[in-house]
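As a plain string of letters, each chain reads:
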Amino acid sequence: MTVTADRHKVRRCGGCGELRPIKKRADGDQPDQCARCWAANPRSWKTCAGCGQPGSIRGRTPDGQPLCARCYQRQAPRGRCEDCGQVRKLRVRGSNGGPRLCARCYAKRRPPRRCDGCGRVREIVARATDQDPRELCHSCFDKARARRCGICGEVRPVCRKARDGMPDICSVCAGRLLPLAVCTICAERKPCLFAQTPSPICRRCRELTYYARHPCAACGEHRRGAWRSPIGPICGRCMSRHLGARAACESCGKLRRPATFDPARVLCAECAGVASHHVCRLCGGEDERVPDGICTRCRLRERIETLAARGDHDALTRMRPYLDALIASPKPRSALLWLRASPATEILGAMIAGSLEISHETLDDLEHGRSDATTYLRAALVEHGVLPARPERLERLRRWVEAQLQALPESEDRAHVRSYASWKLLRELTERAADNDLNANRAGSARARLRGAIELTVWLHEQDRTLVDLRQDRLEAWLLEGGPSRLAIASFVEWLRRTRVITGVHVPRAVRPLKLNTVQDNTRWTLLRQLLGDETLDLRERVAGSLLLLYAQPITKITRLRRQDVSLNHDDQVLIALGPEPIPLPGPLAALAIRLRDAPALLATTAATRTSPWLLPGRKLGRPITPHALSRRLSALGIPAVAARTSALAHLLHSVPPAVLAQLIGMSAQSAERYSAALRTDYSRYLALRIREPTARPSAG
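Residues numbered from 1 in each chain as written. Predicted model: local features only at pLDDT ≥ 70, side-chain atom pairs only at ≥ 80, totals over all residues. Heavy atoms only, no water.

**Student:** Mind showing me how you'd approach the overall build of the protein here?
**Tutor:** What the protein contains, in helices and strands, is 28 helices and 30 strands. In the protein, which comprises 701 residues, the proportion classed as buried is 38%. A fraction of 42% describes how many contacts in the protein between residues 6 or more apart in sequence connect residues 24 or more apart. Surface summary for the protein: the accessible area is close to 40300 Å², and the carbon and sulfur share equals 51%. (Helix = DSSP H or I, 4+ residues; strand = E, 2+ residues; numbered from the N terminus. Buried < 20%, exposed > 50% of the residue type's maximum accessible area, 1.4 Å probe, protein only. Contact = heavy atoms within 4.5 Å. Areas by Shrake-Rupley, 256 points an atom, 1.4 Å probe, with all protein chains shown as cover.)

This is how it looks when you write it as structure tokens:
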């Protein structure tokens, strides 16, 4: 059967067995072959005029010499784009009277739109027709053409439509329907490609053949070769390290990329007399990736200048510090990827263009559904002085309070709850925020208390009562209907008593049992020695784990430590502020703490952030690492946070009285007494040490 499609003849390929346009017609012992099978056939390979390697030919030079795909891309003709006017590699070369466009302008002419299937803004691959008026993205288009396979019965995208008595066939079954033959590599009878030729090959052997691994000339490991260097094939990992390496040249003294792999002699390409590669044609800098001859930083600068060219003068003047910081970002590739993929780029472009006001209120209105993008953009704008700083967690909590109060009808009870939220909860949190002590746990506790107050008020309204009618028996009935979390209502009940709305009602105090699971002291000391001595571990994990194992610091407190909490006294002794007074650190831990304090921020450097104030910076701009993330990282090292802290507390309470220990490590005296009573510790060793100390006598003079 032959089906005419455009100018191509679609027949069954003799190599893969699928119905495809035929690239190479049958010739001698070679059957009809589609373009994919012909490219994989060694008979079609020719020696590339660019790299000299045999392979499939992608194009030719102006004088007719064959070129492989990589060399063809390098030598692709350049021209002036009709939209941007720059000389670049052309994505569309103006054949058949069409426009000459670069890849960027070609993508702009096909802007992403909202998919009618999933509702997300994506590139549309299926346009609206009279039969189907929907415009679909790639994934929704695959789902739309999914039908039940006539062989396996699964609902999948159909690879072969039903014809000639054959049912619809999915891509999985189409691969299984290849003709059976004996593979020339594994000698097993399997469904094979090129089954009609003298050299059939199964799919597995074909993948192993085309992705063969060889010893890397740099690291010696068997990996797939990514670069043919002067010393031999180099794997992708070593190639990336080499292209990103920088060292001082022994000849000229400039900080350049080493031209050779010899660690004993560092020479740049110019001094070594070899051709330099991966060099930007605009700035002359060496980069790991230089597509179209432009390095990542220059491409980032072009992207920022394109945004600025469309901007409003006043808005651009205000946004200029942040845009300059983006251009000077220490991670230009990260910044460029963020500009390409983040939803915040659309907001940033609208602010530069003047269509959106540059303010916190604008970001608050856009936060719904894009909280991560707006949170990062807000922090970056505050970081570089575009927006004034404000306690973001407190502002978010205020908006949440207003949204929760809408569940109550306008009444006197709603006024009581609003008064409690404003003058009790938000006032306490505002004081915490002023002291930089408002963390996620305190905000979560405030949410739980307000949620309990609203639930109690709604429960009373369902019984045609108000807060004035609240009695002890009714409160206990409501508490019994729920779980222990309802005991958080105690703060609201106390507020109602203080404002004389109710009298004689109280909530039983919730006593949380202490978690007393511990680890053995030998295990704790072994983990501590590993953290202090293993240089391969992350520096943040080493310091945080040591503070946990040695000083019984909770995870939530470790994450709130700032760089200024680690200091040096006049004797060059390292101190850390865990309590009201700084305490000295032992030698190995002191060296790690100083290294961590002076180290630059390891994360969140897309927007050229300044030095983070946090000792353990997190992934979000201007925020520390979260307690959950730190606990997960320590658990991966075999350090159970709760059990290790309890063991450290038990060891310290055997040596120091609870009241003294509470002052030293920054915990409350009540908590220290509770742990001391629960662990049945005494401080006789502390008294013995104090008795042995010589008593200071006044001098005779």
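Once the structure has been displayed, the description carries forward.
**Student:** How should I be thinking about the sheet that holds strand S10 (residues 87–93) in this particular structure?
**Tutor:** Pairing between the strands of a sheet comes from backbone hydrogen bonds, and it takes one of two forms, parallel or antiparallel. Across the sheet, which stays open at both edges, the three strands sit in the order S9-S10-S11 with antiparallel pairing between neighbours. At either margin of the open sheet sits one strand with a lone partner, and together these are strand S9 (78–80) and strand S11 (100–102). Neighbour to neighbour, the strand axes of the sheet diverge by 75 degrees on average, direction disregarded. (Pairing = 2+ DSSP bridges. Axes fitted to C-alpha atoms, helices over the stretch in contact; angles between N-to-C directions.)

**Student:** I would appreciate a short explanation of the nonpolar core in the present structure.
**Tutor:** Across soluble globular proteins, you tend to see nonpolar side chains buried next to one another. Within the largest apolar cluster, 36 residues are counted, with the highest numbers of intra-cluster contacts made by Leu-547, Leu-548, Tyr-551, Ile-576, Leu-585, Leu-630 and Ile-639. For this core, the elements supplying multiple residues, two or more each, are helix H20 (521–533), helix H21 (539–551), helix H22 (555–558), strand S29 (574–576), helix H23 (587–598), helix H24 (627–636) and helix H25 (641–653). Setting aside anything within four residues of it in sequence, one finds Ile-639 in contact with Leu-527, Leu-531, Leu-548, Leu-549, Leu-634 and Ala-644. In this structure, Leu-394, Val-401, Ala-453 and Leu-470 belong to the second largest nonpolar core, which totals 35 residues. (Core = buried A, V, L, I, M, F, W, Y, C linked by side-chain atoms within 4.5 Å.)

**Student:** Teacher, can you tell me more about unusual backbone geometry here?
**Tutor:** Keep in mind that most residues, glycine aside, have a negative phi and that most peptide bonds are trans. One non-glycine residue, Arg-500, adopts positive backbone phi at about 60 degrees. Considering the arrangement of structural elements, one finds Arg-500 in the loop between helix H19 (490–498) and H20. In this structure Arg-500 comes out as exposed when scored by relative accessible area, which is 75%. The phi torsion at Asp-572 lies on the positive side, around 60 degrees, for a residue other than glycine. Of note, Asp-572 is situated in the loop between strand S28 (566–568) and S29. For Asp-572, a relative accessible area of 63% gives the class exposed.

**Student:** Explain helix H17 (residues 440–462) to me, please; I cannot follow it from the model alone.
**Tutor:** Because an α-helix completes one turn every 3.6 residues, residues spaced three or four positions apart along the sequence face the same direction. Taking 1.5 Å of rise per residue, the 23 residues of H17 would be expected to cover 33 Å, and the 33 Å separating its terminal C-alpha atoms lies within 8% of that figure. Residues of H17 that are buried: Ala-443, Ala-446, Arg-449, Leu-450, Gly-452, Ala-453, Ile-454, Leu-456, Thr-457, Trp-459 and Leu-460. (Expected span 1.5 Å × (residues − 1).)

**Student:** Just to check I follow, could you spell out the pairing of strand S17 (residues 155–160) for this structure?
**Tutor:** Every regular strand shows the same layout, with side chains that alternate between the two sheet faces. As paired strands, strand S16 (residues 146–148) and S17 are joined by three bridges and run antiparallel to one another. Directly across from Ala-146, in S17, lies its bridge partner Pro-157. Once S16 ends, the chain turns through six residues before running back antiparallel as S17, passing Gly-153 with a positive phi of about 80 degrees. In the sheet, S17 pairs with strand S18 (residues 169–170) via two bridges, with the strands oriented antiparallel. Residue pairing for S18: Arg-160 is matched across the bridge by Ile-169.

**Student:** What should I look at first to understand the confidence of the model for the protein in this one?
**Tutor:** Residues shown with low pLDDT carry predicted positions that ought not to be read at fine detail. Mean pLDDT for the protein: 80, with 88% of residues reaching 70 or above. Mean pLDDT across the elements of the protein ranges from a minimum in strand S1 (residues 3–5), with 33, to a maximum in H21, with 91. Low pLDDT, under 50, characterises residues 1–8; the stretch is placed with 14 contacts to residues that sit more than four places away or in other chains. Long-range and interchain partners of residues 695–701, a stretch whose pLDDT sits below 50, account for zero contacts in this model, where long-range means more than four residues apart. (pLDDT = per-residue confidence, 0-100.)

**Student:** Help me understand H21, please; the structure alone is not making it clear to me.
**Tutor:** Here H21 spans 18 Å end to end across 13 residues, near enough to the 18 Å set by a 1.5 Å rise per residue. Where burial is concerned, most of H21 is hidden: 13 out of the 13 residues are buried. N-capping of H21 is provided by Asp-538, with a side-chain oxygen placed 2.8 Å from the backbone N of Arg-540. Remark: Ala-552 follows H21 within two positions and exhibits a positive phi of approximately 55 degrees. (Polar contact = N/O pair within 3.5 Å; in protein donor to acceptor, adjacent residues only side chain to side chain.)

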